[in-house]
Each structure stands twice: as C-alpha cells, then as structure tokens.
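Descriptive structure summary
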Amino acid sequence: MGFDINKIRGDFPILNREVKPGIPLVYLDSTATSQKPDIVIRAMDDYYQKNNANIHRGVHTLAEEATAMYEKAREKIARFIHARSAKEVIYTRNTTESINLVAFTWGRQNLREGDVIVLTEMEHHSNLVPWQMLATEKNLKLEFIEVNEDGSLDLEGYQNLLKLNPKLVAFTHMSNVLGTINPAKEMVRQAHAVGAITLIDGAQSVPHFSVDVQNLDADFYAFSAHKMCGPTGIGVLYGKEKLLAAMPPFLGGGDMIKKVQLRTFKPNDLPHKFEAGTPAIAEAVGFGAAVDYLSDIGMDVIARHEQEITEYALSEFAEVEHLKIFGNGTHERGGVLSFELGIVHPHDVAQILDSHGVAVRAGHHCAMPLHEKFHIPATTRASFYLYTEKKDIDRLVVGLHAVNDMFA
Ligand code: 7TS
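Let me begin by describing the structure that accompanies this report. (Residues numbered from 1 in each chain as written. Predicted model: local features only at pLDDT ≥ 70, side-chain atom pairs only at ≥ 80, totals over all residues. Heavy atoms only, no water.)

**Things to note about the sheet that holds strand S10 (residues 235–239)**
One open sheet holds the 7 strands; their spatial order is S4-S10-S9-S8-S7-S5-S6, and the pairing between them is mixed. In this open sheet, the two edge strands, each paired with only one partner strand, are strand S4 (89–92) and strand S6 (141–145). Taking each pair of neighbouring strands and ignoring which way they run, the sheet shows an average axis angle of 20°. Sheet topology places strand S5 (residues 116–120) next to strand S7 (residues 168–172); 2 bridges connect them, and they run parallel. Paired with isoleucine 117 across the two strands is leucine 168, which belongs to S7. Against the sheet, helix H4 (residues 95–110) contacts S4, S7, strand S8 (197–201), strand S9 (220–224) and S10, and its axis sits at roughly 150° relative to S9. Contacts between helix H7 (residues 184–193) and the sheet are confined to S6, S7 and S8, with S8 contributing the most and set at about 160° to the helix. (Pairing = 2+ DSSP bridges. Helix = DSSP H or I, 4+ residues; strand = E, 2+ residues; numbered from the N terminus. Axes fitted to C-alpha atoms, helices over the stretch in contact; angles between N-to-C directions. Contact = heavy atoms within 4.5 Å.)

Following this line, the structure appears as structure tokens:
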C-alpha cells in the first residue's frame with residue numbers, strides 16, 4: 001500500500017484545530033512529543049469504559065482482562081523492537097526513568113571507583129545527568145566522544161576512548177538536536193570488543209525507523225511511548241535477560257516481590273521485578289495501540305516519508321536568508337533541523353512562527369553541552385513525523401521570511 005498523507009493526517013484529530021481563529025496548526029515539534037492518532041485515544045478511552053481494574057492482583061473478570069491487556073501490549077512492544085522475549089521489556093515512565101533505572105541498579109552494582117563511562121557530547125540531559133550523579137557517588141570517570149562540526153560523532157576519537165577500557169558506553173541512536181543517526185551497531189560491536197556494556201538512548205529512533213535490538217546487540221535500549229504516537233507516562237527499558245536477571249530491583253513495593261517477610265523480601269521474576277506499584281495500565285494499552293498503528297503503516301514507509309520531507313525542508317531552507325542549520329553534514333540523519341536565523345533570538349523566531357500557527361521549539365532542547373560546544377546558547381528546531389506534509393514546510397518557510405522581514 002502506498003503512503004497516503006491525507007489519510008494519515010485524518011487519523012490525528014488535533015491536526016484539524018486552529019491555533020487562532022482562521023490559523024490552522026502546523027505541528028513541527030514531534031521531537032518533543034508526537035501527536036496521537038484517534039485509534040490510540042480510543043483504545044485508552046475504551047479501556048476505562050469497559051475493562052478498568054488493577055492488574056496482577058484480582059481474580060475477577062475485569063482484573064484478568066486488564067492484566068491480559070497490559071501484558072499483551074508488552075508482547076507487541078517486544079515484537080516491535082525485535083526483543084527475544086517480552087521478559088526483556090520493562091515498563092518505566094519514560095526514557096529518562098529507563099536510563100536512571102540502569103544507573104541506579106546495574107551501575108551501582110557493577111561500577112567501582114576509577115571506572116570509565118564513555119558518553120557523547122550530543123546526549124540529551126537524560127543520558128548525561130544520571131551518569132554524572134553516579135560518577136559523583138562512586139568516583140567514576142566520564143569521557144566523551146566529541147561531535148564534529150558537521151554534526152557527526154568523532155569515531156576516531158571513540159577508538160582512543162575505548163583504549164581506556166570503559167565499563168559502559170552509552171549514546172543516543174539519533175540526536176534530538178542535530179538529527180544525526182549514529183552508527184549504533186558498529187559502535188556497540190566496538191564497545192563489546194573491549195568488554196563494555198552498552199546502553200542506547202532510543203527516544204528518537206524507535207519512533208522514526210525500524211529498530212532491531214538483537215541485530216544491534218545492544219545491552220540496554222531506552223525509549224518513550226509519547227514520542228511514537230502513544231501516551232505520556234509510559235516508556236520502556238529493554239535489557240538483555242541475563243543482565244536484567246542479575247540486577248537488583250529499582251523501586252521497592254507491590255508487584256516487584258515474590259515473597260515478603262518483616263525484614264526481608266524475595267524479588268519477583270522478570271519483568272515484574274522492576275515494576276513496583278500500580279503501573280500506567282491505560283497507557284500501556286495506548287502504547288500497544290500505537291505500536292499496532294505504526295506497524296500497520298510500516299516503519300520503513302514512515303522513515304522514507306520523513307526522509308522526503310527532510311530533503312524538501314533542506315532545499316526550501318536554502319532559499320531563506322540568514323538561515324544556518326546546526327550540524328548540517330552528509331551523514332545519515334532523521335527529520336530534525338535546528339537552526340539559527342541571523343542574530344534573531346530563537347524565542348523570538350518561535351513566537352513569530354506561533355503567530356503563523358507554526359509550532360517549533362526554541363532553546364537548548366535539553367542538550368546544553370552540545371550548544372555550548374558550538375558556542376550558541378539556543379537554536380530553533382523544526383521536527384517532522386509521519387503526519388508532516390510539504391505544506392507544513394511551506395508555512396514554516398513563509399513564517400521564516402516574515403521573521404527576516406521584521407528584523408531586517
Ligand atoms: N533522549 C532523547 C534523545 C530525547 O530526545 C529525549 C526527549 C529524551 C531522551 C527524554 O525523553 P523523556 O520521554 O524521558 O522526556 N527529548 C525532548 C526534546 O527534544 N524536546 O523535548 C523533549
């Protein structure tokens with residue numbers, strides 16, 4: 001089946017709204033969070049209307065239905081990322097919590113004073129701060145793969161860092177600022193060759209192209225539902241079963257235990273060991289619906305569409321005076337363009353675009369060190385998804401010309 005952009009757009013009720021009277025929404029902030037198709041919204045609504053109960057506790061019909069729906073979504077997600085088993089899919093709140101989980105359990109258990117962790121300069125704060133916290137606690141060393149001027153990683157520098165025999169290499173699969181898609185499989189292979197464990201931040205990859213965690217051979221892989229047409233409040237930590245099984249639990253409480261006595265407890269089996277307390281059940285159901293939705297369209301089809309939109313945006317941007325794209329190299333990239341428009345402050349750019357109905361993000365995009373590296377405090381960022389159409393880019397470009405006119 002071909003890709004019918006009008007049909008896709010029709011799946012997203014919010015795309016019909018006007019930002020101001022007569023000014024329809026152009027949503028170019030999917031990197032922050034994606035919009036939700038009707039089918040996801042309805043799945044959650046239906047769950048609350050018909051099946052709502054707590055899971056893993058009751059024997060009554062509703063509890064059994066809710067538990068089955070929660071677990072079925074896990075199986076769908078496992079298939080979507082090609083995990084060996086649903087036991088390797090841990091529900092968390094988001095990518096941030098997934099990474100913190102690894103830092104607080106695997107990291108605390110396995111890292112000792114002087115151990116090296118290799119990160120990159122293009123990390124989102126959520127793949128930076130948890131390691132800084134752990135490094136302070138345990139006296140670890142943090143080393144960074146540098147970002148080249150063109151927005152790619154300095155992979156030769158990476159070879160040198162691997163000579164330090166790091167215990168962990170953690171990096172983003174796709175940058176939320178530059179759109180750079182890193183050569184994850186090769187980076188994991190090289191990390192494994194020196195005995196390091198790998199963690200990939202997949203917040204921007206899983207929503208946009210097909211990810212196969214077994215093929216990548218990643219030890220840990222983190223992502224969020226809300227960036228892939230699903231609800232907020234739920235994410236995933238994928239981990240290899242052997243690693244997860246050896247890790248201590250994260251949060252303590254209900255559901256994560258097999259047996260509790262007054263002074264001791266026995267943790268539950270995977271994946272429940274890491275899921276303490278009542279989880280985001282309706283959100284899991286919505287997450288499952290989102291995965292079905294994306295799978296039905298096909299991740300390769302979605303990736304191709306975004307590629308086409310990005311190429312179109314790049315060619316249209318070339319006509320906009322004073323516009324400089326951040327990290328605009330020839331490496332593989334996704335649908336994210338961060339840019340400067342002369343000396344106009346990105347917040348002013350975003351505000352003027354908003355008056356044209358165009359939603360973009362301005363700021364450091366939770367990647368302050370990357371902006372510091374390029375000596376810019378902030379950028380304006382336009383990001384694309386399966387529902388982005390060429391007309392959206394045209395409206396953005398009209399808005400950018402208006403900014404230029406205003407500041408000329
Ligand atoms: N990693 C990357 C690469 C991200 O882009 C984000 C969110 C996160 C981690 C954190 O995800 P969360 O779901 O735990 O919040 N990125 C953005 C962004 O670029 N603008 O807003 C959120």
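Okay, back to it.
**Details of the side chain of glutamate 88**
The topology assignment puts glutamate 88 in the loop between helix H3 (61–80) and S4. Buried charged residue glutamate 88 carries no salt bridge. Nearest counter-charge: arginine 84, at 4.2 Å. Here arginine 84 takes part through its backbone nitrogen, which lies 3.1 Å from a polar atom of the side chain of glutamate 88. Residues within four places of glutamate 88 in sequence aside, it is in contact with Ala83, Leu237, Tyr238, Gly239, Lys240, Glu241 and Leu244. (Buried < 20%, exposed > 50% of the residue type's maximum accessible area, 1.4 Å probe, protein only. Lys, Arg positive; Asp, Glu negative; His and termini not counted. Salt bridge = Lys/Arg side-chain N within 4 Å of Asp/Glu carboxyl O. Polar contact = N/O pair within 3.5 Å; in protein donor to acceptor, adjacent residues only side chain to side chain.)

**Let's talk about the packing of helix H12 (residues 346–355) against helix H14 (residues 390–407)**
Packed helices, taken two at a time, are described by the angle their axes make and the gap between the axes. It is the contact of H12 with H14, at a shortest axis distance of 9 Å, that shows an interaxial angle of 120°. By the angle between their axes, H12 is oblique relative to H14. Crossing handedness for the pair H12 and H14: right-handed. Residues Asp348, Val349, Ile352 and Leu353 of H12 pack against Leu396, Gly399, Leu400, Val403, Met406 and Phe407 of H14. The class makeup of the residues in the contact of H12 with H14 is 8 nonpolar, 1 polar and 1 charged. (Parallel < 35°, antiparallel > 145°, perpendicular 65-115°, else oblique. Left-handed = near helix turned anticlockwise from the far one by under 90°. Nonpolar A, V, L, I, M, F, W, Y, C, P; charged D, E, K, R; others polar.)

**Thoughts on the site of the ligand**
The environment of the ligand is formed by 17 residues, the closest being Thr96, Asp201, Gln204, Arg361 and Arg381. Against a free-state accessible area of 480 Å², the protein chains account for coverage of 90% of the ligand. By residue class, the composition of the shell around the ligand is 2 nonpolar, 11 polar and 4 charged. (Near = heavy atom within 4 Å. Areas by Shrake-Rupley, 256 points an atom, 1.4 Å probe, with all protein chains shown as cover.)

**Considering the packing of aromatic side chains**
This structure, assessed with the given rule, holds 11 aromatic pairs. For the ring pair tyrosine 70 and tyrosine 91, a centre distance of 4.7 Å and an interplane angle of 45° mean the geometry is tilted. Placement of tyrosine 70 in helix H3 and of tyrosine 91 in strand S4 is noted, with a sequence separation of 21 residues between them. Taken individually, tyrosine 70 and tyrosine 91 each receive the classification buried, so the pair is uniform in this respect. (Phe/Tyr/Trp six-rings, centres within 6.5 Å; stacked < 30°, edge-to-face > 60°.)

**Some thoughts on the pairing of S7**
For S7, the buried fraction is high: 5 of the 5 residues fall into the buried class. In S7, alternate side chains face the same way, and those of Leu168, Ala170 and Thr172 on one face and Val169 and Phe171 on the other are all buried. Pairing of S7 with S8 involves 5 bridges; the strand directions are parallel. Bridged to valine 169 within S8 is threonine 198. Following the chain from S7 across H7 to the adjacent parallel S8, one finds a crossover that is right-handed. (Right-handed = clockwise from strand over helix to strand, strands pointing away.)

**Observations regarding the nonpolar core**
What tends to happen in soluble globular proteins is that the nonpolar side chains get buried as a cluster. Judged by nonpolar contacts, the single largest core of 79 residues is most densely connected at Tyr221, Phe287 and Leu386. Taken domain by domain, the makeup of this core includes at least three residues from each of domain 1 (5–30 + 299–406) and domain 2 (42–295). Ignoring sequence-local partners within four residues, the contact set of phenylalanine 287 consists of Ile77, Tyr91, Phe223, Ala225, Met228, Pro231, Ile234, Gly235 and Val236. (Core = buried A, V, L, I, M, F, W, Y, C linked by side-chain atoms within 4.5 Å. Domains from an automatic or database assignment.)

**Section: the pairing of S5**
Of all 5 residues in S5, 5 are buried; the element is thus mostly enclosed. The alternating pattern of S5 places Val116, Val118 and Thr120 and Ile117 and Leu119 on opposite faces, both of which are buried. The parallel pair S5 and S6 is bridged by helix H5 (residues 129–138), and the resulting crossover is right-handed.

**So, the side chain of asparagine 268**
Following the sequence through the fold, asparagine 268 ends up in the loop between strand S12 (265–267) and helix H10 (281–297). Judged by its relative accessible area of 18%, asparagine 268 falls in the buried class. Apart from the residues lying within four places of it in its own chain, the contact partners of asparagine 268 are Asp255, Met256, Ile257, Lys258 and Lys273.

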